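What follows is the residue order along each chain.
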Amino acid sequence: MTEPKLAQGPKADLGIKAGQETKEPGRENPKYLWRSGEMVEWDKATVHISQLGWTAISSVFEGIRAYWNNDRQELYVFHLDAHLKRLFQSMKIMRMTSPFSKEELSEAITGLLKANEFRGDSYVQPLAYFGGGIPGYLAVLERPGEIVITARPSASELSAPKVVHCNISSWNRISDNVMPPRVKAITNYQNSRYVSTESRVNGYDFGIILNSAGKVSEASYACIFIVRDGVAITPPISAGILESITREVVKDLLEQDLGVPVIERDVERTELYISDEVFICGTAVEVQAVGSVDRYQVGGGETGPVVAKLREQFLSVVIGEHPRHPDWCTPVYQGG
Ligand code: PMP
């Protein structure tokens, strides 16, 4: 079989070389992960090969960032409670109960970061799944899930502004009656993966997904805002988006700190082409300006004034220095 041909140009290089598919170059495994109540050495946390794949069908997860504040020598987990609340909501919709309370998982996460001695920006991923050899495709009434938490170093890009270039995907967004987007389910990410692969193959950074009504939903792993005539506009929850935690943070900062009103309403594709600014936001991408959509330049094609100020406020929030929101940050080391 011959390799599929990728579009030419630097953006078309997916950055993956043969044999490196399962491990990012240069990334060391952390010492520990947390599994069902215990810190387990990374290499000892194995499951039987027969569980591979099937458990993913009903697995749900969270992606959480922790930010290092060098002046305070402290690591802050950002919006830990909101992420655990959403994990429990995802589990509920899967009819999965949790053997651990939110408080226990919160302690597990700070404990794991401490056990791994992370003193830098990090990414934490709790995963809940039906274990015990029962395949995830079986219909079950309320059953407890198993929970695994992994953490790894992951540098923030907030102090190095980046402009991304997007296309409108030819794929549609999943919908509430098909694969509910508000559930952060592993399986939902096949939709995002079709979108992002198409974008990368065609030389874009991110795909923007329309819902089945043809309105803008979100980007492949992030929510989207446009700025038109001093007003920020973002698609509503019912547009097929993940109920994003960053989107709520951004709404608050825009309105309270930047004095930019925020409206939630349907957004049409061509509005992206004529907006003054477009940006995407999410735990992984943080806040990034969109320089073009379908090769239509957005505004000046660079980070616009609203996004620039927003990124500043966002940075102060995540490192625990925003005067209104110290409560959004959970310190890892202060507690002893
Ligand atoms: N949509 C999708 C599909 C995502 O994967 C993410 C990232 N979790 C987001 C939106 C943004 O959500 P959050 O701000 O909670 O990270």
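Residues numbered from 1 in each chain as written. Predicted model: local features only at pLDDT ≥ 70, side-chain atom pairs only at ≥ 80, totals over all residues. Heavy atoms only, no water.

Considering all chains together, one arrives at 19 salt bridges under this definition. In this structure, R182 and D176 form a salt bridge, with 3.3 Å as the shortest nitrogen-oxygen distance. Close ionic contact of D252 with R324 constitutes a salt bridge, the shortest N to O distance being 2.9 Å. Taken together, the positions of D252 in helix α4 (residues 245-256) and R324 in the loop between α6 (305-318) and β19 (329-331) put the pair 72 residues apart, joining distant regions of the chain. Through salt bridges that share partners, R247, E248, K251 and E264 make up one connected network. (Salt bridge = Lys/Arg side-chain N within 4 Å of Asp/Glu carboxyl O. Helix = DSSP H or I, 4+ residues; strand = E, 2+ residues; numbered from the N terminus.)

Right, let's get into the site of the ligand. Lining the immediate environment of the ligand, one finds 15 residues, of which R86, Y189, S244, T246 and T283 sit closest. One of the side-chain N or O atoms of K184 is found 2.8 Å from a nitrogen atom in the ligand. Between an oxygen atom of the ligand and a side-chain N or O atom of S244, the distance comes to 2.7 Å. Taking 380 Å² as the accessible area of the ligand by itself, protein coverage stands at 96%. (Near = heavy atom within 4 Å. Polar contact = N/O pair within 3.5 Å; in protein donor to acceptor, adjacent residues only side chain to side chain. Areas by Shrake-Rupley, 256 points an atom, 1.4 Å probe, with all protein chains shown as cover.)

It is worth spelling out the packing of helix α1 (residues 80-93) against helix α2 (residues 102-115) at this point. Where α1 contacts α2, the axes come no closer than 10 Å and their chain directions differ by 125°. Comparing the axis directions of α1 and α2 gives the class oblique. The handedness of the crossing between α1 and α2 comes out as right-handed. Residues L80, L84, K85, L87 and F88 of α1 form the contact with α2, whose participating residues are K102, L105, S106 and I109. Class assignment of the residues belonging to the contact of α1 with α2 gives a composition of 6 nonpolar, 1 polar and 2 charged. (Axes fitted to C-alpha atoms, helices over the stretch in contact; angles between N-to-C directions. Parallel < 35°, antiparallel > 145°, perpendicular 65-115°, else oblique. Left-handed = near helix turned anticlockwise from the far one by under 90°. Contact = heavy atoms within 4.5 Å. Nonpolar A, V, L, I, M, F, W, Y, C, P; charged D, E, K, R; others polar.)

The phi dihedral of H79 falls on the positive side, at around 50°, and the residue is not glycine. Structurally, H79 is set in the loop between β5 (74-78) and α1. Take H79: its relative accessible area is 14%, and that puts it in the buried class. A positive phi angle, close to 50°, is found at D229, a residue other than glycine. Residue position: D229 is located in the loop between β13 (223-228) and β14 (231-234). Look at D229 and you get exposed, because its relative accessible area is 69%. (Buried < 20%, exposed > 50% of the residue type's maximum accessible area, 1.4 Å probe, protein only.)

Here we come to the packing of aromatic side chains. On inspection of all chains with the given rule, the structure shows 8 aromatic pairs. Considering the side-chain rings of W34 and F100, the 5.0 Å spacing of their centres and the 70° angle between planes classify their relative orientation as edge-to-face. Here W34, found in strand β1 (residues 32-35), pairs with F100, found in the loop between β6 (96-97) and α2; they are 66 residues apart in sequence, far enough to count as distant. Here W34 matches F100 in class, with each residue buried. Note on Y273 and Y296: the rings are 4.0 Å apart at their centroids and 25° apart in plane angle, and the pair reads as stacked. One end of the pair, Y273, is in helix α5 (residues 269-274); the other, Y296, is in strand β18 (residues 296-297), with 23 residues separating them in the sequence. By way of ring pairs, the aromatic residues F61, Y189 and Y221 are connected into one cluster. Here K102 stacks its cationic end above the ring of F88, 5.1 Å away from the centre of that ring. (Phe/Tyr/Trp six-rings, centres within 6.5 Å; stacked < 30°, edge-to-face > 60°. Lys NZ or Arg CZ within 6 Å of the ring centre and 35° of its normal.)

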